[in-house]
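A structural walkthrough
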Amino acid sequence: MPHDDLTADDVLDLVDAHLPAATQGRKKSDAELGFVLYDAFAIRGSYDDYGRGNWGFSIELGGDATVSKVLGRKLTLCGTRDAVKAALEAIDSYVRLRLGSEYLAAYEAASAR
């Protein structure tokens, strides 16, 4: 699998393009970023340089609890744009399930105003 050199700005561009419900996206450093999804879940991304360098994501659940594997899908070792997109899709699916249809309907109605 070819490897892409993805900067924090590149990853935030992918977040903007593929997750319209993402807000407060910001680059904390060249190796760390964060955003909030559906005004409910904080997502963190970080770059590791253990060899080829990859992006990994975690969802903050409160306190010190985070998850980096959801619904059987790892959110780590994302070295290509396609891998980052797949991780973002998994994050979105997980968060939508956790929030439920009633919250999502209220969120969408508020966003349409």
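Located above this text is the structure these notes cover.
Rules of the game
Residues numbered from 1 in each chain as written. Predicted model: local features only at pLDDT ≥ 70, side-chain atom pairs only at ≥ 80, totals over all residues. Heavy atoms only, no water. Helix = DSSP H or I, 4+ residues; strand = E, 2+ residues; numbered from the N terminus. Buried < 20%, exposed > 50% of the residue type's maximum accessible area, 1.4 Å probe, protein only. Lys, Arg positive; Asp, Glu negative; His and termini not counted. Salt bridge = Lys/Arg side-chain N within 4 Å of Asp/Glu carboxyl O. Contact = heavy atoms within 4.5 Å. Axes fitted to C-alpha atoms, helices over the stretch in contact; angles between N-to-C directions. Parallel < 35°, antiparallel > 145°, perpendicular 65-115°, else oblique. Left-handed = near helix turned anticlockwise from the far one by under 90°. Nonpolar A, V, L, I, M, F, W, Y, C, P; charged D, E, K, R; others polar. Pairing = 2+ DSSP bridges.

On to the side chain of Asp92, then. Tracing the backbone shows Asp92 in helix 2 (residues 81-112). It is Arg96 that comes nearest to the buried, bridge-free Asp92 among opposite-charge side chains, at 4.5 Å. Sequence-distant contacts of Asp92, that is, excluding residues within four places in its chain, are made with Leu19, Leu37 and Tyr38.

What follows covers the packing of helix 1 (residues 8-18) against helix 2. Their axes nearest at 10 Å, the elements helix 1 and helix 2 cross at an angle of 50 degrees. By the angle between their axes, helix 1 is oblique relative to helix 2. The hand of the helix 1/helix 2 crossing is right-handed. Along the contact surface, helix 1 presents Asp10, Val11, Leu14, Val15 and His18, while helix 2 presents Arg81, Val84, Lys85 and Leu88. The residue inventory of the contact of helix 1 with helix 2, partitioned by class, reads five nonpolar, one polar and three charged.

Read across the sheet, five strands follow the order 1-2-3-4-5 without closing on themselves; strand pairing throughout is antiparallel. Either end of the sheet is taken by a strand with one partner, and the two such strands are strand 1 (22-29) and strand 5 (65-67). If you compare each strand with its neighbour and ignore which way they point, the axes differ by 25 degrees on average. Here helix 1 sits on the sheet in contact with strand 1, strand 2 (32-37) and strand 4 (54-62), set at roughly 175 degrees to strand 1. In the packing of helix 2 onto the sheet, the strands contacted are strand 2, strand 3 (41-48), strand 4 and strand 5, and the crossing angle to strand 4 comes to about 10 degrees.

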